[in-house]
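Architecture and fold: a report
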Amino acid sequence: MSQGKIMIHDAYENNLKHIDIEIPKGKITVFTGVSGSGKSSLVMDTIAAKSRRELNDTFPTFVQQYLPKYGRPHVGSIEGLPIAIVIDQKKPAQNSRSTLGTYTDIYSLVRLLFSRVGKPFVGYSDSFSFNHPQGSCPRCSGLGEIRELDIHKLVDFDKSLNDEDTIHYIAFHKGGWRWIRYAHSGLFDLDKKIRDYSPEELELFLNSPQIKLKNPPSNWPRTAKYEGLIPRMYRSIINSEEGLLHSSVLNPMLTMGTCPDCGGTRLAQRVLTCRIEGKNIADVCSMSISALNRWMRSVSDPLAVDMKESICQRLDALEQIGLGYLSLDRPIGTLSGGEAQRCKIAKYINSSLTDVLYILDEPSVGLHNHDIRLMTDSVRRLRDHGNTVILVEHHKEMIRIADHIVDMGPGPGAAGGEVLYEGPYEGLLGSGTATGRMMSSACGIKTDPRTPSAWCQIENASFHNLKNVSVRLPLGVLATVCGVAGSGKSSLMDCFMRQEKDIVYISQKSIGVSMRSTPATYIDVAGDIRKIFAKASKVKADYFTFNGKGACPVCGGKGVIVSEMAFMDDIETVCEACGGLRYAPEALEYRYNGLNIAEVMDLSIEKASGFFAGTVIAEKLKPLMLVGLSYIHLNQALSTLSGGELQRMKLASHLGEKGKIFVIDEPTDGLHLSDVERILGLFNSMVDAGNTVYVIEHNTDVIKQSDYVIELGPGAGEQGGEITFEGSAGQLAASQSSITGKYL
């Protein structure tokens, strides 16, 4: 076995065609290929899954229940596999107490610095933590904002406790376990309307602290304490994880605002009196990373030397990867996926670990070309620390830094799953693959841009970081809004969408689907297919859905049987009764043009279009073909699609509309170079049909082929928010002041 290679034999996960491949250790390997060609199946579902499963197996079974679960990859063997760390664009779990400082552990070091160096001394490190009782603001409990409960939105004062829906929250309904704590207390007349309570009764009902009841009724729990409705809501719901879980029910009853006691700093006033060179810890955490780095180096106290070095090392990593505009007090939930991914990379750059396999899933997504250069430098640093780096990428500049390239294809889905090229970058250019051809060709700048049919004037926009921006936005054209990440592009489009009516906004966020949703249900062909089968078979259409009568009676239409194994992993096995097809045997007996319902629903969009040629089904599938989703299957769970694929599915549902304004957020994310060419053609056809298309985009090919370009900047965050260019792509390329123009 070669110690310098990861050797994969007979990988057949998803669409992989039993491939053998060797990946050099200590190098940057980039996996390329069209969308759906098998890159993620090999890198994520095979290499990463195998490594993480092997690592998890080293822990006791009790610990394993708390670790992420990975499916068993379909592969013959993998030799020389290091421990893999996957750095993806998934945002950290929403937590109102997490900030950039706590997430990167920099805040812990800053707390230590203030406890040792700050004057006057107010306590040790924990005293500076807004997540600790010693340091948190008593009014907001360290959240920085107060959530005031509107009691009239919670309680219907015209009803009694015996009426239904008197208290509008979960388990407060009549007979609910929370309702019982008031109804069984013996303190209130259950038939008396709340508004008729005496002042003493109302105070007891709403505001009583926890008290032990004297001589409670026999049905009152022996050890329970009575607590007024308002303090109970705050203690057990509003300021707890339950409040986050049921925020859709709770938030309409709350008024949100900055805490008046701490001013949003989250900290007690006593803590804020401690200062270093005139600044308290809240002042320091509100500074941008770049400004904080400069200030930190100016701290002259001899006690700070070692702490300064550790803090500045971490700040350097964030600044070098292009996050200098963020601040340590930035809530972690407000970061984009790309920002969260770069935070993770910055953490690992300072790690002492070596011989680790880092897997980065499309790190270029959402990045301006200026930021791409910073990203490539950081990826090289990961490699130079003695690690192996694997990238799944489409961006030309990221592909160019590869020591080794694996190009997959030739097509998506069943037409892919093969290794077309392995080797250095220079060899890719002459390989004749779709990636090689696109890498060696250049897209020209549009020479005949369309003339706008009208203009929309935005006046004095100051949303987020926009600095009193006034700009004319053209209509009837293909326009691109560009600029570095965090420059204010999305903020400007938000202002546009609030001002103009009937704008169709298409983002990469979830389209609000359940686990049982599929392309067939989303584009509304599932019902048509069932009707065709019902008509041909002369039975009811319900027999041809696994969500109804057609479901396998053993697995309930899930296709798998899940066996719970206490604190060990659940065992998921394919249902023996239906073979994973989800349908009852009776439903599978009926056929249409030689195929049963399960076989039809397993067709790709392309094959289904041919199978149902000349029908309304083929017409409904046509938009999916146009947006490049021909390879996905009718029965594929939408939860398995990428953000880019979901976005294109949304776009497909709007094709054929005319006279609309479309705002599309980074549509080339996750797209192969050849797919970018296809989607550009689609945008142009939409404009030719009488629509206006605005794209928020970094891709230079899209910018070059736009009729009009608006650039924001010059920097990110507070350094951005200004219009730095308006005009054609040709004028942008000639501009000396534009940060984007030089990359065209």
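Relevant structure appears above.
Residues numbered from 1 in each chain as written. Predicted model: local features only at pLDDT ≥ 70, side-chain atom pairs only at ≥ 80, totals over all residues. Heavy atoms only, no water.

Turning next to the overall build of the protein chain. The helix and strand tally for the protein chain stands at 30 helices and 23 strands. In summary, the protein chain has a C-alpha radius of gyration of 30 Å against a globular reference of 27 Å for 744 residues, a match within 12%. Viewed in the frame of its principal axes, the protein chain has a C-alpha envelope of about 85 × 80 × 65 Å. Each of the 744 residues in the protein chain was classed as buried or not, and the buried ones make up 50%. Per element, the accessible surface of the protein chain, about 33,600 Å² overall, is 50% carbon and sulfur. (Helix = DSSP H or I, 4+ residues; strand = E, 2+ residues; numbered from the N terminus. Rg over C-alpha atoms; globule rule 2.2 N^0.38 Å. Buried < 20%, exposed > 50% of the residue type's maximum accessible area, 1.4 Å probe, protein only. Areas by Shrake-Rupley, 256 points an atom, 1.4 Å probe, with all protein chains shown as cover.)

Moving on, we get to the sheet that holds strand β4 (residues 75–79). Taken in spatial order, the three strands make up an open sheet running β2-β1-β4, and their pairing is antiparallel. For this open sheet the edge positions go to β2 (19–24) and β4, each flanked by a neighbour on one side alone. For this sheet the average axis-to-axis angle between neighbouring strands, irrespective of direction, equals 10 degrees. As defined by bridge partners, strand β1 (residues 5–11) adjoins β2 across five bridges and the pair is classed as antiparallel. (Pairing = 2+ DSSP bridges. Axes fitted to C-alpha atoms, helices over the stretch in contact; angles between N-to-C directions.)

Take the environment of Val-406 next. Along the chain, the position of Val-406 falls in strand β10 (residues 404–409). If sequence neighbours within four positions are ignored, Val-406 has contacts with Ile-21, Thr-29, Val-30, Phe-31, Thr-32, Val-419, Tyr-421 and Glu-422. (Contact = heavy atoms within 4.5 Å.)

Residues Asp-163, Glu-164, Asp-165, Asp-189 and Asp-191 make up a contiguous surface patch of negative charge. As for its position among the elements, Asp-163 is in the loop between α5 (151–154) and α6 (177–183). Residue class for Asp-163 comes out partly exposed when judged on its relative accessible area of 32%. (Patch = residues over 30% accessible without salt bridge, like charges linked within 9 Å, V, L, I, M, F, W, Y side chains within 5 Å. Salt bridge = Lys/Arg side-chain N within 4 Å of Asp/Glu carboxyl O. Lys, Arg positive; Asp, Glu negative; His and termini not counted. Charge placed at Lys NZ, Arg CZ, Asp CG, Glu CD.)

Right, let's get into helix α15 (residues 337–349). Taking 1.5 Å of rise per residue, the 13 residues of α15 would be expected to cover 18 Å, and the 19 Å separating its terminal C-alpha atoms lies within 8% of that figure. In terms of residue burial, α15 counts as a mostly covered element, since eleven of its 13 residues are buried. Those residues of α15 lying buried are Gly-337, Gly-338, Glu-339, Ala-340, Gln-341, Arg-342, Cys-343, Lys-344, Ile-345, Ala-346 and Ile-349. Summarising the contacts, the buried residues of α15 are in contact with β5 (84–87), α3 (100–103), α14 (305–320), β8 (357–361) and α16 (369–384). (Expected span 1.5 Å × (residues − 1).)

Once that is clear, we can look at the environment of Gln-508. Mapped onto the fold, Gln-508 is located in the loop between β15 (503–506) and α21 (519–522). For the pair formed by Gln-508 and Asn-460, sequence separation is 48 residues and the distance between their alpha carbons is 29 Å. Apart from residues no more than four positions distant in its own chain, Gln-508 is found in contact with Gly-643, Gly-644, Gln-647, Lys-650, Asp-665, Glu-666 and Asp-669.

Strand β3 (residues 28–33) sits mainly inside the fold: six of its six residues count as buried. Neither face of β3 is open: one carries Ile-28, Val-30 and Thr-32, the other Thr-29, Phe-31 and Gly-33, and all of them are buried. Where β3 lies against strand β9 (residues 388–392), four bridges are found, and the strand directions are parallel. Within β9, the position partnered with Ile-28 by the bridge is Val-389. In this sheet, β10 lies alongside β3 in parallel orientation, the contact comprising five bridges. Bridge pairing in β10 links Gly-33 to Met-408.

Each aromatic ring pair is specified by the distance between its two centres and by the angle formed by the two planes. Scanning all chains against the criterion turns up 20 aromatic pairs. An angle of 40 degrees between the planes, with centres 6.3 Å apart, marks the rings of Phe-172 and Tyr-182 as tilted. Of the two residues, Phe-172 is situated in the loop between α5 and α6 and Tyr-182 in helix α6; the sequence distance between them amounts to ten residues. Summarising the aromatic geometry, the rings of Tyr-592 and Phe-611 are spaced 6.0 Å apart at their centres and angled 75 degrees between planes, so their arrangement reads as edge-to-face. (Phe/Tyr/Trp six-rings, centres within 6.5 Å; stacked < 30°, edge-to-face > 60°.)

A cis amide bond, omega 0 degrees, links Gly-409 with the succeeding residue Pro-410. The omega torsion across Gly-713 and Pro-714 is 0 degrees, close enough to zero to call that bond cis. Checked against the element boundaries, Pro-714 lands in the loop between β22 (708–713) and β23 (722–727). Phi at Asn-14 takes a positive value of approximately 50 degrees, unusual for a residue other than glycine. When you line up the elements, Asn-14 lands in the loop between β1 and β2. Residue Asn-14 is classed as exposed on the basis of its relative accessible area of 55%. At Glu-666, a position not held by glycine, the phi torsion is positive, near 45 degrees. Turning to its location among the elements, Glu-666 is positioned in the loop between β20 (661–665) and α28 (673–688).

One pass over the structure, following the stated rule, counts 26 salt bridges. Among the ionic pairs, Asp-88 bridges to Lys-344, the shortest N-O distance being 3.1 Å. Remark: Lys-344 occurs in helix α15 and Asp-88 occurs in the loop between β5 and α3; sequence separation between them is 256 residues. Exposure class is identical for Asp-88 and Lys-344. Each is buried. Two residues, Glu-339 and Arg-330, come together in a salt bridge whose shortest N-O distance is 3.8 Å. Of the residues examined, Glu-339 reaches a relative accessible area of 7% and is grouped as buried. Each of Lys-446, Arg-450, Asp-688 and Asp-707 takes part in one network of salt bridges that share partners.

We now examine the nonpolar core. Counting 75 residues, the largest nonpolar core has Ile-281, Val-379 and Leu-391 as its most contacted members. Of all the elements, helix α4 (residues 106–117) adds the most residues to this core, at seven residues. Grouped together as the second largest cluster of nonpolar side chains are 50 residues, Leu-588, Ile-597, Met-649 and Val-693 included. (Core = buried A, V, L, I, M, F, W, Y, C linked by side-chain atoms within 4.5 Å.)

Running from N to C, α15 and α16 cross one another at 35 degrees; their axes reach a closest spacing of 10 Å. Seen from above, α15 lies across α16 with left-handed handedness. Seen from α15, the contacting residues are Arg-342, Ile-345, Tyr-348 and Ile-349; seen from α16, they are Asp-371, Met-375, Ser-378, Arg-381 and Leu-382. Classifying every residue of the contact of α15 with α16 by side-chain character gives five nonpolar, one polar and three charged. (Left-handed = near helix turned anticlockwise from the far one by under 90°. Nonpolar A, V, L, I, M, F, W, Y, C, P; charged D, E, K, R; others polar.)

What follows covers the sheet that holds β23. The six strands lie next to each other as β15-β20-β21-β14-β22-β23, forming an open sheet whose pairing is mixed. Every interior strand has two partners, whereas the edge strands, β15 and β23, have only one. In this sheet, neighbouring strand axes are inclined to one another by 15 degrees on average, regardless of whether the strands run parallel or antiparallel.

Let us look at the environment of Gly-4. Within the secondary structure, Gly-4 sits in the segment before β1. Among all residues touching Gly-4, those that are not within four sequence positions of it are Ile-23, Pro-24 and Lys-25.

Let us look at the side chain of Gln-647. With respect to the secondary-structure elements, Gln-647 resides in helix α27 (residues 643–652). A distance of 2.7 Å separates a polar side-chain atom of Gln-647 from the backbone oxygen of Asp-665. What Gln-647 contacts, discounting residues up to four positions off in sequence, is Ile-506, Ser-507, Gln-508, Ile-664, Asp-665, Glu-666 and Pro-667. (Polar contact = N/O pair within 3.5 Å; in protein donor to acceptor, adjacent residues only side chain to side chain.)

On to a nonpolar patch on the surface. Taken together, the side chains of Phe-59, Phe-62, Val-63 and Tyr-66 define a hydrophobic patch exposed on the protein surface, amounting to about 410 Å² of accessible area. You can see Phe-62 is positioned in helix α2 (residues 61–64). With relative accessibility at 49%, the residue Phe-62 sits in the partly exposed group.

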